[in-house]
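Residues per chain are reported as follows:
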Amino acid sequence: MLTTGTIAAVLAFCSLASAAPANKRWEGSALANTDSGSYTTSSVYGTATGLAPQEAPIASSYYSSLSYAHSGWAADGATASATGESPANTGSSGSAGSPSVTTAASGPATPTGLSKVQQILLSDTRADAVNNVLKDDSDFVFDFNKARKFGPGKGGEIVQANRKAFPALTGTGIGMAVGFLGPCGFNTPHVHNRATELLIVTKGKVVSEMVIENGVADADNKPRDVMNTIEELQATPYFMGSLHTQFNPTCEDVTFIAPLSSEDFGANTMAQAYFALEDDTIRAAAGNHIDGADVDKFRGIISTNVALGVEQCLKTCNISKRK
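All of the points below concern the structure found in this document. All of these numbers come straight from a predicted model, not from anything done at the bench.

1. Observations regarding the state of the cysteines
By definition, a disulfide links two cysteine residues through a covalent bond between their sulfur atoms.
Phase 1: A complete count under the given rule lists two disulfides for this structure.
Phase 2: A sulfur-sulfur distance of 2.0 Å marks the disulfide that ties C184 to C313. Measuring the twist about the S-S bond at about -90°, one finds the C184-C313 disulfide to be left-handed. With C184 in the loop between β6 (175-181) and β7 (185-191) and C313 in helix α10 (residues 311-316), this pair connects stretches of sequence that are 129 residues apart.

Next up, the structure:
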């Protein structure tokens, strides 16, 4: 049995329903059921199914954001919704067939006190990063000549363009190094922790060596050393984590470029890393062939990154060995 309150509620609903046709703003449904059983949403930019939208007299940022998400079209209402701002209504919402126009909310403020890389990583979209962080065209240019420090190594220099040095690379998954090796210059053995490298010689030639990993052996079942002389405009790859090195066997300067598969590729120079271990660990690894008193001597002769090497080349080029 219906209660008095229920009957009153039903009568009130019927009263509203009978008055609805007089309100022209609500002609047509915001959601239209298609023959396939899916629904289309009214939008200035299209529908979720790609069918022609039904006319919606009142524009809604909710419907616009649905259209943006499903169809991939750029909708101002969607932008406002994504930033949490209420879109500004600048059109008429009362006349049928004239949807209101929404304006996109301004991008989030650039965080202060952070590096460019940090700001880019915190940006909601690539567009925000470019608009708010990489504002100058010069942000997209890296000058390897200006980045050179001409030291501390005596045999040359490796200039790295990672995301810290070149923030525009952030999120791209690529980096670059350029090597400048002087006569008899030697880029000491190292690995890249997070990247594969493709070395391309652009001037002169280098002797390249790579030891890939345990289990890659030569005919004598010893670790295989992949060794090649790379001439001008030739290339060789170095796998991620593989130990590799380059040496300039000539008396002329050498230049090479090296794209890498990470904007934060990293480098770990093996000799310095090895002698950074505790003395007991080094002696144990070397079969106790290194006397403890000589450990500091070995540490001291390890040059920084690029060093002069190979005695025959030094003699050929009349380069004196350092004491």
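2. Focus on the pairing of strand β5 (residues 156-161)
Phase 1: Of all the six residues making up β5, five are buried; the element is thus mostly covered by neighbouring parts of the structure.
Phase 2: In this structure, β5 lies alongside β6, joined through six bridges in antiparallel fashion. Note on β6: the bridge partner recorded for V159 is V178.

3. Re the nonpolar core
Phase 1: In terms of nonpolar packing, the biggest core is built from 15 residues, with A177, L181, L199, V201, V206, F256 and L260 touching the most fellow members.
Phase 2: Elements with a contribution of two residues or more to this core: β6, β8 (197-203), β9 (206-211) and β13 (254-260).
Phase 3: Of the residues forming this core, the biggest block, four residues, is contributed by β13.
Phase 4: Not counting chain neighbours up to four residues away, the residues in contact with L199 comprise V206, Q234, A235, T236, Y238, Q246, F256, I257 and A258.
Phase 5: Formed by 13 residues, the second largest nonpolar core is a distinct cluster that contains V133, A168, V178 and F180.

4. So, the environment of A177
Phase 1: Tracing the backbone through its elements, the reader meets A177 in strand β6.
Phase 2: In sequence terms A177 and F256 are 79 residues apart; their C-alpha atoms lie 8.5 Å from each other.
Phase 3: Sequence-distant contacts of A177, defined by excluding residues within four places in its chain, comprise I158, V159, Q160, F256, I257, A258 and L260.

5. Observations concerning the environment of F140
Phase 1: Tracing the chain through its elements places F140 in the loop between α5 (126-132) and α6 (144-147).
Phase 2: If sequence neighbours within four positions are ignored, F140 has contacts with V130, L134, F166 and A168.

6. Focus on the pattern of salt bridges
Phase 1: In total, this model carries four salt bridges according to the counting rule given.
Phase 2: Note that E263 and R163 form a salt bridge whose closest N and O atoms lie 3.5 Å from each other. Of this pair, E263 sits in the loop between β13 and β14 (268-269) while R163 sits in the loop between β5 and β6, placing them 100 residues apart in sequence.
Phase 3: Accessibility expressed as a relative area gives 10% for E263, which makes it buried.
Phase 4: Under the relative-accessibility criterion, R163 is labelled partly exposed at 25%.
Phase 5: Between R194 and D264 there is a salt bridge, and its shortest N-O distance comes to 3.5 Å. Here R194 is found in the loop between β7 and β8, whereas its partner D264 is found in the loop between β13 and β14, with 70 residues between them in sequence.
Phase 6: Judged by its relative accessible area of 40%, R194 is partly exposed.
Phase 7: Residue classification places D264 among the partly exposed residues on the basis of a relative accessible area of 33%.

7. Points about unusual backbone geometry
Phase 1: Although it is not a glycine, C184 sits at a positive phi angle of roughly 65°.
Phase 2: Relative accessible area serves as the criterion here: at 0%, C184 is assigned to the buried category.
Phase 3: One non-glycine residue, N221, lies in positive phi territory at about 65°.
Phase 4: Among the secondary structure elements, N221 is positioned in the loop between β9 and β10 (226-230).
Phase 5: Judged by relative accessible area, N221 falls into the exposed class, the value being 65%.

8. A look at the side chain of T250
Phase 1: Tracing the backbone shows T250 in the loop between β12 (243-247) and β13.
Phase 2: Looking at T250, its side chain comes within polar contact range of the main-chain nitrogen of E252, at 3.2 Å.
Phase 3: Here T250 is in contact with P183, C184, K205, C313 and C317, once residues within four sequence places are set aside.

Definitions and limits used
- Residues numbered from 1 in each chain as written.
- Predicted model: local features only at pLDDT ≥ 70, side-chain atom pairs only at ≥ 80, totals over all residues.
- Heavy atoms only, no water.
- Disulfide = S-S within 2.5 Å.
- Helix = DSSP H or I, 4+ residues; strand = E, 2+ residues; numbered from the N terminus.
- Buried < 20%, exposed > 50% of the residue type's maximum accessible area, 1.4 Å probe, protein only.
- Pairing = 2+ DSSP bridges.
- Core = buried A, V, L, I, M, F, W, Y, C linked by side-chain atoms within 4.5 Å.
- Contact = heavy atoms within 4.5 Å.
- Salt bridge = Lys/Arg side-chain N within 4 Å of Asp/Glu carboxyl O.
- Polar contact = N/O pair within 3.5 Å; in protein donor to acceptor, adjacent residues only side chain to side chain.

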